[in-house]
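Here is what each chain is made of, one letter per residue.
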Amino acid sequence: MGRYNWENRADRIGDLTVKTNISSTFCFLMFVILGLRVALAGGLRSSIAQRRRTNIFLCAVLLISFGAGLTQHNLWPFSSWPVLAYAVPTGSNYPPLPRFVGVDTDRREYDIDYRAWRPLGLEELESWIRLHLAQLDPAARDRLGTYLLGRANRAREQALSPAGLPYPNRWFGPLTAPTHMLHPAIWSHPGKVPPDRFVGLRIYGETWNLEERRRDPQKVTRVLIFDYRQP
Amino acid sequence: MKFLDPSWWIAAWNRFWFARGSPRNLAAARIIFAAYSLWVLLSRNLAEMSGLPSVFWSQVGASARWRYLVFPGHPGLEHVLVWITAIALLGGMVGVLPRFCCFVSGLLLYHLAPLESLIWIPHPYARGFTISVIALLTLSFSPCGDCWTLLPSRRDKLSADSSDYTWPVRLLQLYLVEIYFFSGYAKLMGVGWKWASASNIRNWMLWCTEEEQIRVFHTLGTWIADRPFACWSVGIGTLLFELGLITALFWKWPRRVLVPLVAVFHLGILLAMNLVFLNVPQLLVFVDWDRVVAWFKLQPKPDSSPTAPGVA
């Protein structure tokens with residue numbers, strides 16, 4: 001925990017967010033209004049007037065989308081697309097990655113299947129934890145623990161049932177659109193599902209040195225950042 | 001010196017956006033984007049995000065909530081909106097009030113898509129709906145219902161060939177190409193040319209294969225990580241590919257070569273880094289659907305205008 005200032009990061013993002021939200025909303029409204037002018041231009045008699053409206057719309061779209069991309073300000077839905085646009089450090093000096101484990105009555109720890117957190121995606125939950133967990137007061141942390149523990153236990157029961165953990169869409173089944181990051185479905189077989197109910201939930205912050213872990217997969221530094229016990 | 005002549009630029013602009021186009025390409029784009037968006041929408045539980053405990057939403061600022069009109073605690077209402085969106089997307093697909101349906105679904109997806117990530121970030125890019133929102137709205141502003149509709153539109157008999165069919169398809173293609181161009185640009189701006197270095201690519205491969213919570217495939221990633229030449233190739237190839245794909249908008253041969261390579265590119269990323277990019281089916285807007293139809297001998301000879309969009 002001491003290696004990274006979580007609260008400063010949250011404040012910095014918060015300041016930027018207000019300006020970005022206002023400018024993004026303005027750009028989106030301009031896009032819709034100018035687009036509607038094009039859509040309604042069919043009623044105009046003059047084809048020159050129609051073409052002018054289309055040209056204005058196209059110029060606006062180019063300005064907004066290239067403005068977002070070239071300045072690297074994300075004006076969603078006009079995105080700056082900063083996909084993997086950073087260097088990965090070899091060492092372990094980066095924000096710890098949260099890892100969720102359930103704890104049973106014998107204090108044994110088990111990894112939890114990513115599908116337990118639905119409707120939350122694992123990457124969304126992890127990012128939220130990294131950004132906001134440190135700012136929560138004790139009562140909020142308790143509410144968080146109660147919720148996450150409840151989800152984990154419910155998923156555990158579903159995974160043990162003959163039907164297993166369901167897909168988000170029962171009609172699509174395995175053709176359900178995956179999330180941006182793949183996650184191993186560790187509770188796909190009942191034999192791999194923890195047999196006993198969880199009575200606690202812990203979140204560890206994990207860091208590792210890439211080269212050291214390449215040689216020894218167990219070479220991970222784990223710091224307990226959240227420990228919830230069922231009252 | 002023709003580039004200094006404004007009339008050359010005006011002619012180039014008109015040639016690019018307003019060449020003679022086919023209503024089929026625009027209709028195909030409507031079906032592709034509506035079907036894709038419906039698939040992703042029904043694969044998510046966006047409405048239930050609104051019902052998350054208040055602790056998750058407590059850090060979301062007012063500006064973000066008003067930006068998307070997201071006011072948590074109303075999962076029932078969000079469920080209704082999801083179903084309206086799904087019905088509108090279905091209408092867009094089959095061609096029942098297609099422009100209206102595209103408009104409604106585009107606006108509603110602008111509201112619904114951020115639910116997936118708003119608890120920590122206000123821009124849900126790379127989660128599947130970014131291009132869909134602007135694409136569906138763009139389609140609604142264009143005569144996308146002049147072809148392949150269940151209910152024929154009023155314009156159906158008016159314009160068999162028109163420049164009105166070109167600019168929307170060009171714009172959709174631009175949205176897709178921008179993903180790669182800005183992705184490459186962001187790497188250069190954020191890291192510089194060192195992004196493509198063997199050490200950085202090795203670190204990326206190692207990180208994606210060592211992080212157990214995303215480690216589904218690992219063979220290809222570790223194979224690349226152990227070979228400096230492969231790392232250099234991946235790094236330089238990625239930047240060249242991402243920055244070069246924009247040429248597919250202007251010339252035929254990059255369109256024929258690079259656009260299919262996008263699917264291979266994403267398959268490689270999936271197997272090496274466990275990252276999924278859902279938008280791949282949207283690249284079908286680069287296909288010339290007149291030729292496809294002609295190939296199936298469903299229609300007479302296609303429009304072979306060299307400037308028409310989607311000539312793959």
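Residue numbering note: each chain is counted from 1, following its sequence as written. Both sets of labels track the order of writing: A upward for chains, 1 upward for ligands. Local features in this predicted model are restricted to residues of pLDDT 70 or higher, and side-chain atom pairs are both shown and tallied only at a pLDDT of 80 or more, whereas totals for entire chains, interfaces and linings draw on every residue. Computation of side-chain values: all heavy atoms of the structure, hydrogens and water removed.

1. Details of empty space enclosed by the protein
The pocket and cavity definitions rest on a 1 Å grid over protein atoms only: a 1.4 Å probe that fits but cannot leave marks a cavity, an open set with protein on both sides within 12 Å along at least five of seven lines marks a pocket, and residues lining either have an atom within 4 Å of a point. Grid points are joined across faces, edges and corners, and a volume is the space filled by probe spheres set on the points. Applying the stated criterion to the full structure yields two cavities of 30 Å³ or more. In this model, the largest cavity occupies a volume close to 60 Å³. A:Ser65, A:Pro77, A:Phe78, A:Ser79, A:Trp81, B:Ile131, B:Ile134, B:Tyr175 and B:Glu178 together form the lining of the largest cavity. Helix and strand labels come from DSSP, where a helix needs a run of H or I of at least four residues and a strand needs a run of E of at least two; each type is numbered from the N terminus. Among the secondary structure elements, those contributing two or more residues to the lining of the largest cavity are helix 8 (130–140) and helix 9 (166–190) of chain B.

2. Focus: the packing of aromatic side chains
Only centres within 6.5 Å qualify two rings of Phe, Tyr or Trp (six-membered ring in Trp) as a pair; their planes then separate them into stacked at under 30 degrees, edge-to-face at over 60, and tilted for everything else. Within the structure shown, the criterion is met by 34 aromatic pairs over all chains. Seen from their ring centres, B:Trp66 and B:Phe71 are 5.0 Å apart, and the 75° between their planes marks the pair as edge-to-face. The classification of residues rests on relative accessible area computed with a 1.4 Å probe and restricted to protein chains. Under 20% of the type maximum is buried, over 50% is exposed, and intermediate values are partly exposed. With relative accessibility at 58%, the residue B:Trp66 sits in the exposed group. Among the aromatic side chains, those forming a connected cluster through ring pairs are A:Phe28, A:Phe31, A:Phe57, A:Trp76, A:Phe78, B:Tyr68, B:Phe103, B:Tyr110, B:Phe141 and B:Trp167. Two conditions define a charge sitting above a ring: the NZ of Lys or the CZ of Arg must be within 6 Å of the ring centre, and it must be within 35 degrees of the ring normal. Against the face of A:Tyr204 rests A:Arg222, its NZ or CZ located 4.8 Å from the ring centre. Positioned over the ring face of B:Trp195 is B:Lys187, at 5.0 Å from the centre of the ring.

3. A look at a nonpolar patch on the surface
All names here are of chain B. There is a patch of nonpolar side chains on the surface, built from Val-216, Phe-217, Leu-220, Trp-223, Leu-267 and Leu-271 and spanning about 480 Å² of accessible area. When contributions to the nonpolar patch are tallied by element, the ones reaching two or more residues are helix 11 (219–225) and helix 13 (252–273). In this fold, Leu-220 is placed in helix 11. In this structure Leu-220 comes out as partly exposed when scored by relative accessible area, which is 32%. Patch building starts from residues that exceed 30% relative accessible area and form no salt bridge, then joins like charges within 9 Å and nonpolar side chains (Val, Leu, Ile, Met, Phe, Trp, Tyr) within 5 Å. For accessible areas, the Shrake-Rupley method is used with a probe of radius 1.4 Å. Any residue's cover is judged against the shown protein chains and nothing else. Salt bridge, as used here, is a side-chain nitrogen of Lys or Arg placed within 4 Å of a carboxyl oxygen of Asp or Glu.

4. Considering the nonpolar core
Throughout this description, the term nonpolar core refers to a set of buried Ala, Val, Leu, Ile, Met, Phe, Trp, Tyr and Cys residues connected via side-chain atoms within 4.5 Å. Formed by 155 residues in total, the largest nonpolar core has its most connected members in A:Phe31, A:Trp117, A:Leu148 and B:Phe56. Of all the elements, helix 9 of chain B adds the most residues to this core, at 13 residues. In what follows, a contact means two residues having at least one pair of non-hydrogen atoms within 4.5 Å. Residues within four places of B:Phe56 in sequence aside, it is in contact with A:Leu120, A:Leu125, A:Trp128, A:Leu144, A:Tyr147, A:Leu148 and B:Ile119.

5. Concerning the pattern of salt bridges
Evaluation of the coordinates by the stated rule reveals 20 salt bridges over all chains. Among the salt bridges present, the one from B:Arg202 reaches A:Glu211, with a minimum N-O distance of 2.5 Å. Residue B:Arg202 is located in helix 10 (residues 198–210), and its partner A:Glu211 is located in helix 5 (residues 210–215); the two belong to separate chains. With its nearest N and O atoms 3.2 Å apart, the salt bridge here joins A:Arg213 to B:Glu212. With A:Arg213 in helix 5 and B:Glu212 in the loop between helix 10 and helix 11, this residue pair bridges two chains.

6. Comments concerning the interface of chain A and chain B
Counting from both sides, the interface comprises 83 residues of chain A and, opposite them, 88 residues of chain B. Together, the buried faces of chain A and chain B total about 8000 Å²; carbon and sulfur atoms form 67% of this surface. Between chain A and chain B we count five salt bridges in total. Polar contacts, as used here, are pairs of N or O atoms within 3.5 Å; protein pairs need one atom able to donate a hydrogen and one able to accept it. Residues neighboring in sequence count only if both atoms are side-chain atoms. Here chain A is connected to chain B by 35 residue pairs in polar contact (both at pLDDT 80 or more). Elements supplying a minimum of two residues to the side of chain A that touches chain B: helix 1 (6–39), helix 2 (47–71), strand 1 (97–104), helix 3 (122–132), helix 4 (138–160) and helix 5 of chain A. At 13 residues, the largest contribution of residues to the side of chain A that touches chain B is made by helix 1 of chain A. For this classification, the nonpolar set comprises Ala, Val, Leu, Ile, Met, Phe, Trp, Tyr, Cys and Pro, the charged set comprises Asp, Glu, Lys and Arg, and every other residue, Gly included, is treated as polar. Of the residues that constitute the side of chain A that touches chain B, the class distribution is 51 nonpolar, 23 polar and nine charged. Each of two parts loses accessible area, computed with a 1.4 Å probe, when they are put together; buried area is these two losses added.

7. What to know about the packing of helix 10 of chain B against helix 12 (residues 228–244) of chain B
All names here are of chain B. For the pair helix 10 and helix 12, the least separation of the axes is 8 Å and the interaxial angle reads 95°. Our classification of the angle between helix 10 and helix 12 gives roughly perpendicular. Of helix 12, the residues touching helix 10 (which contributes Ala-198, Ile-201, Arg-202 and Met-205) are Pro-228, Cys-231, Trp-232, Val-234 and Gly-235. Here the contact of helix 10 with helix 12 is composed, by residue class, of seven nonpolar, one polar and one charged. Axis definition: a line fitted to C-alpha atoms, limited for helices to the stretch in contact. Angles are taken between N-to-C directions and run from 0 to 180 degrees. Roughly parallel covers angles under 35 degrees, roughly antiparallel covers those over 145, roughly perpendicular covers 65 to 115, and oblique covers all other angles.

8. Quick look at unusual backbone geometry
In most cases, non-glycine residues show a negative phi, while peptide bonds are predominantly trans. Cis peptide bonds are those with omega within 30 degrees of zero, and the linkage from A:Trp76 to A:Pro77 qualifies with 10°. Position of A:Pro77 among the secondary structure elements: in the loop between helix 2 and strand 1. Cis geometry marks the peptide bond from A:Arg118 to A:Pro119; its omega dihedral reads 10°. A positive phi angle, close to 55°, is found at A:Leu84, a residue other than glycine. With respect to the helices and strands, A:Leu84 occurs in the loop between helix 2 and strand 1. Of note, the phi angle at B:Trp148 is positive, near 50°, even though the residue is not glycine.

By themselves, these figures tell us nothing about what the structure is for.
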